[in-house]
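Now for the letters of each chain:
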Amino acid sequence: MIRKRVAVLGSTGSIGINTLDVIRRHSGRFDIVLLSAFNNVELLARQIREFRPDKVAIAQAHIPSMSAMFGKKAAFFDVERDLAALVAEKQVDIVVIAMSGSAALDPFLSAVRAGKEVAPSNKEALVIAGDILMREAHRSGARIIPVDSEQSAIFQCLEGHRREDLRCVHLTASGGALLRVPKSRHRQLTVKDVLKHPRWKMGAKITVDSATLMNKGFEVIEAQRLFSLAVDQVKVVIHPQALVHSLVEYIDGAMIAQLNVTDMRIPIQYALTYPQRLDTGFKGLDLVALKELTFELPDLDKFPSLALAFEVARRRGTFPAVLNAANEVAVEAFLSGKLSFTGIYKVVERTVLAHRASGTLSLKNIRESDAWARSAATRFLGKGK
Ligand SMILES: NC(=O)c1ccc[n+]([C@@H]2O[C@H](COP(=O)([O-])OP(=O)(O)OC[C@H]3O[C@@H](n4cnc5c(N)ncnc54)[C@H](OP(=O)(O)O)[C@@H]3O)[C@@H](O)[C@H]2O)c1
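These numbers were taken from a predicted model, which means no experiment stands behind them.

Asks: What's the story with the packing of helix α13 (residues 319-335) against helix α14 (residues 341-354) in this structure? I'm lost.
Replies: Running from N to C, α13 and α14 point in directions that differ by 150°, and their axes come no closer than 9 Å. Our classification of the angle between α13 and α14 gives roughly antiparallel. For the element pair α13 and α14, the recorded crossing hand is right-handed. Of the residues in α14, those touching α13 at F319, V322, L323, A326, N327, A330, V331 and F334 are F341, G343, I344, V347, V348, T351 and V352. Here the residues of the contact of α13 with α14 are counted per class, giving 12 nonpolar, 3 polar and no charged.

Asks: What exactly am I supposed to notice about the sheet that holds strand β5 (residues 94-97) here?
Replies: Taken in spatial order, the 7 strands line up as β4-β3-β2-β1-β5-β6-β7 in an open sheet, and their pairing is parallel. The open sheet is flanked by β4 (75-78) and β7 (143-144), the only strands paired with a single partner. Strand direction decides the pairing type here: strand β2 (residues 30-36) and strand β3 (residues 55-58), joined by 3 bridges, are parallel. Across the sheet, residue S36 finds its bridge partner in β3, namely A57. Where helix α5 (residues 105-113) meets the sheet, its contacts fall on β1 (4-9), β5 and β6 (117-120), and the angle it forms with β6 comes to roughly 150°.

Asks: I would appreciate a short explanation of the packing of α5 against helix α6 (residues 124-140) in the present structure.
Replies: Think of two packed helices as two axes; the pair is described by the angle between the axes and how far apart they sit. It is at 9 Å that the axes of α5 and α6 come closest, and there the two elements cross at 15°. As the angle between them shows, α5 and α6 are arranged roughly parallel. Remark: the crossing between α5 and α6 carries right-handed chirality. Facing α5, whose interface residues are L105, F108, L109, V112 and R113, α6 presents A125, I128, A129, L133, E136, A137 and S140. For the contact of α5 with α6, the per-class residue count stands at 9 nonpolar, 1 polar and 2 charged.

Asks: Looking at this model, I keep getting lost on the environment of A271. Mind explaining?
Replies: Counting through the fold element by element, A271 comes out in helix α11 (residues 265-273). Apart from residues no more than four positions distant in its own chain, A271 is found in contact with A119, I145, P146, V147 and S152.

Asks: Honestly, the sheet that holds strand β10 (residues 244-250) in this entry has me stumped. Any pointers?
Replies: Spatially, the 4 strands line up as an open sheet ordered β9-β8-β10-β11, and their pairing is mixed. One side of each edge strand has no neighbouring strand; the edge strands of this open sheet are β9 (234-238) and β11 (255-259). The average undirected angle you get between the axes of adjacent strands in this sheet is 20°. Bridge analysis of strand β8 (residues 166-173) against β10 gives 5 bridges, and the strand direction is antiparallel. When the sheet's bridge partners are listed, L166 is paired in β10 with Y250. Docked against the sheet, helix α7 (residues 149-158) engages β8, β10 and β11, running at close to 40° with respect to β10.

Scoring rules and cut-offs
Residues numbered from 1 in each chain as written. Predicted model: local features only at pLDDT ≥ 70, side-chain atom pairs only at ≥ 80, totals over all residues. Axes fitted to C-alpha atoms, helices over the stretch in contact; angles between N-to-C directions. Helix = DSSP H or I, 4+ residues; strand = E, 2+ residues; numbered from the N terminus. Parallel < 35°, antiparallel > 145°, perpendicular 65-115°, else oblique. Left-handed = near helix turned anticlockwise from the far one by under 90°. Contact = placed C-beta atoms within 7 Å. Nonpolar A, V, L, I, M, F, W, Y, C, P; charged D, E, K, R; others polar. Pairing = 2+ DSSP bridges.

This is a description of form; function is not addressed.
What follows is the structure, encoded as structure tokens:
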């Protein structure tokens, strides 16, 4: 059996840890050749001892201490400066992009240009530059197999079907921590309230995005890019049990759904071993024990971030980059106690409304819009409280 050589970007995060767990289970099939993290050097050191990658990328400030700890056993690189070049090296077969934020864009683009297999859980890069990433993947032949559970579900439901027969996709949303919390209480919500996700255990940023439904809005844009869909072909439905990960509807009215227990190791493993399926250790759902699978429309008045994301998806261009950057600033401010929960939407909406689209879409335009949105959102923070 040929062993796949894997780069895991963001190995110390929630998805990164789950990815390493999948690889541990199938250690005969994979070699970790590159790990990247940012500041969590303690966990990273344990991962290096266990998986013995040749190369490791980390925030520059940690390189001297990590190099001293590992000597010649691993080579350390600056994650911000070197990661894009490292993922393109010939000893990498598949790149799992599990790092958070727009910092993933450069390594993602580099992996795609180098024709690698790419397994992204990161949504930000696809949201802000999905058109460019997909165009480059088409050019190089890079295969993108999404890890995000909803996109993985759509990918799986599209397999073996004619694309021209597709009517639309239905993205499911658990509804996050606030599904049943009345809008009147949103202003007083604390970080602790918002971080209590009922179904998934995830990083703090994405848990807040799930509570505002901005996460679902990002997924609308992500799905649009990954599967070349018109905005009207992407529907969102609340499904609190989070067992149906998404559905695809064909022109004859047939709908195909993908279900499994809520554990990210299932879509991660699917992406790593595609097109093969291997034992994950998980059973299928106990259909008889399932009490109910319910679906409801999202309340756009209570969760205006989702409506805003649809509007941004329609406008395309640099608007998704602005939406993402403003949201990063606002969520960070909320997590550090500088902004109320309802302030997140106000700051993001103000920034999107103030944006003036610039020319044809290019990386330069995206980066400029991202920088503009960060400073505009920072200015609006005081007014968003
Ligand atoms: N968690 C989920 O279940 C889930 C599901 C679907 C999609 N996603 C998406 O997957 C991505 C990762 O989510 P997560 O929940 O795993 O996040 P997380 O737990 O916060 O982990 C983020 C990872 O990225 C690294 N990182 C952060 N900033 C970085 C930077 N500027 N440069 C390089 N590395 C950086 C972190 O390093 P340190 O920890 O070492 O600082 C960590 O390894 C996000 O885009 C998220 O939206 C997550």
